[in-house]
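Structural features, examined
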Amino acid sequence: MLAASSFLSEDQFLCSICLDVFTYPVTIPCGHNFCKTCITEHWNINLQCQCPVCKDVSDKRPELRVNTFISEMAAQFRQSAVRKTSSFSEQQCTNTGEVLCDVCTETKLKAVKSCLVCLTSYCETHLEPHQRITGLKRHKLIDPVENLEDRMCKKHDRPLELFCKTDQMCVCQFCTELDHKSHVFVHLIEEYEGKKVELGKTEAGIQQMIQNRRLKIQQIKQSVKFSKEDADRETAASVQVFTALIQSVERNLAQLIDMIEEKQKTTEKQAEGFVKELEEEISELMKRSAEVEQLSRTEDHLQFLQSFPSLNPAPPTKDWTKVRVHSSYEGTVRRAVAQLEETLSKEVEKLLEAELKRVQKFAVDVTLDSDTASPYLILSDDRKQVKCSEIQMNVPDNPQRFSVCNAVLGKQSFSSGRFYYEVQVKGKTEWDLGVASESIIRKGKIRLSPNNGFWTVWLRNGNEYKALAGPGVSLSLKSKPQKVGVFVDHEEGLVSFYDVDAAALIYSFTDCNFTEKFYPYFSPCSIHGGINAAPLTLTCATQI
């Protein structure tokens, strides 16, 4: 029977109704086999004795008897399946790192405890003596572990119960009296608790790093989103500007062609008038020429002399020597191009206004930090205004304060995202504005440049503007800014300055490397004989 079963498939012993190995298999008249309960319920439900496989119908319900041969074969397959399941369970425990009972002989059950005295792992059933017998109760039980022999000292065959802090290793009691004498020891539990606290700090640090990186991912995704919005906005604005430009070019070209054609028509009409007038004079002259010729051929002296006074040498005609037919097109194209430039300039102005409106959406409330202000600066009570004094103020000296440079930082710091603020510079002949890194040098003389952590623009002598890009870049502005807007995009590494009233870009620092927090930077500069005494004033950004 066993030999035969090895050639048979388990599928041959599955009931086609419940799809499981036969339980009390019976054979119906058509020859198909089913579980007795399955075929009985099937017939009860359908109210007729029909085979579920071949649909053969019996006139009356047959008497169902168990097929003993199939029943025995099904039982063997069921036992084989149980053994496979048990083996798989043991293999699964091994694969998942679970510890099995060392006492179980057939199906290995999962261990619940390991004994450090017996060096054996027990399932719940075989652990029972350790919970009942007094001598075994004193044994040291721990959560199940593999390779219990590794917990014994190889040299002294004693449990590793202590930790040598000097050599950073686990030792037994005998080790402390021999090889590790005079070393520093603690119990394993104490060292475990200490290391666990240390591990907790490490885990907290790792979690913080994970959190920081997740935050960075969000920032990057947000930056991509902002970049996409900016790209769409710039694309739309560009399409609008260039569409208007193309339309203006086409319109100007059409106007230019119409004007040239109109001039040409006028010239042709004038020429036609001249030609007609000339032709009339020619006709008159030809008529007179015929009369002269006729008179010249007469031989009657008396008639010739009588007719000659009435014959003028020529009829009244126009002086054509200064008459010209021409049309001047000089300057036509130049004027058309000038008009085109004017149109383009207007479109560029609209684009700059749109850009300024966009950055003004990121306006923040900035106040001045009195702890950083130079001793020669006076701040308003609301920390919104700063001006220079010719007298040194009595203020505490601290590491954050500028000592020589008449400067002050904003109270608010930034390390990500975008922000914008506006400063009124009206009445000033000198000023410095921009942003500065947290670690900038604040004592002594300072050189403003990106290499030193400053991204700034300044005014000198009332009309000399410069971007301090190291080396400086002289700026030629169409108008003198009365209010300056400062915009920073941390992720893009961008610092831009705007003439707010003119909606014009003053200068942009690009590819800035922001590696730390940075602050708004202000300097009203010094007073020279009462000149440049006006303050720098932080104002609320209002869209133009």
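Residues numbered from 1 in each chain as written. Predicted model: local features only at pLDDT ≥ 70, side-chain atom pairs only at ≥ 80, totals over all residues. Heavy atoms only, no water.

Quick word on the environment of Glu161
Checked against the element boundaries, Glu161 lands in the loop between strand 7 (141-142) and strand 8 (162-164). Classification of Glu161 as partly exposed rests on a relative accessible area of 39%. The spacing of Glu161 and His187 is 26 residues in sequence and 6.4 Å in space, taken between C-alpha atoms. Sequence-distant contacts of Glu161, defined by excluding residues within four places in its chain, comprise Val171, Cys172, His187 and Leu188. (Helix = DSSP H or I, 4+ residues; strand = E, 2+ residues; numbered from the N terminus. Buried < 20%, exposed > 50% of the residue type's maximum accessible area, 1.4 Å probe, protein only. Contact = heavy atoms within 4.5 Å.)

What to know about unusual backbone geometry
Here the bond from Gly470 into Pro471 is cis, since omega is 5°, no more than 30 degrees from zero. Position of Pro471 among the secondary structure elements: in the loop between strand 17 (464-467) and strand 18 (473-475). The residue Lys55 is not glycine, and still its phi comes out positive at about 70°. Here Lys55 lies in the loop between strand 3 (49-50) and strand 4 (57-58). Backbone geometry at Arg383 places phi at a positive 60°, although glycine is not the residue there. Summarising the element assignment, Arg383 is placed in the loop between strand 11 (377-379) and strand 12 (385-388).

A look at the sheet that holds strand 10 (residues 185-187)
With antiparallel pairing, the three strands of this open sheet are ordered in space as 9-8-10. Every interior strand has two partners, whereas the edge strands, strand 9 (169-171) and strand 10, have only one. For this sheet the average axis-to-axis angle between neighbouring strands, irrespective of direction, equals 35°. Inspection of the sheet shows strand 8 paired to strand 9 by three bridges, in the antiparallel sense. Within strand 9, the residue paired with Phe163 across the bridge is Cys170. Those strands touched by helix 7 (residues 188-297) are strand 8, strand 9 and strand 10, and its axis lies near 85° from that of strand 10. (Pairing = 2+ DSSP bridges. Axes fitted to C-alpha atoms, helices over the stretch in contact; angles between N-to-C directions.)

Quick word on the layout of surface pockets
Space inside the largest pocket adds up to approximately 440 Å³. As for the largest pocket, its lining consists of 13 residues, of which Leu116, Lys140, Leu160, Glu161 and Leu188 are closest to the centre. Looking at the lining of the largest pocket, the element that brings in the most residues is helix 7, giving three residues. Its residues assigned to classes, the lining of the largest pocket comprises nine nonpolar, one polar and three charged. (1 Å grid on protein atoms, 1.4 Å probe; cavity = no way out; pocket = protein on both sides within 12 Å on 5 of 7 lines; lining within 4 Å. Points joined across faces, edges and corners; volume = space filled by probe spheres on them. Nonpolar A, V, L, I, M, F, W, Y, C, P; charged D, E, K, R; others polar.)

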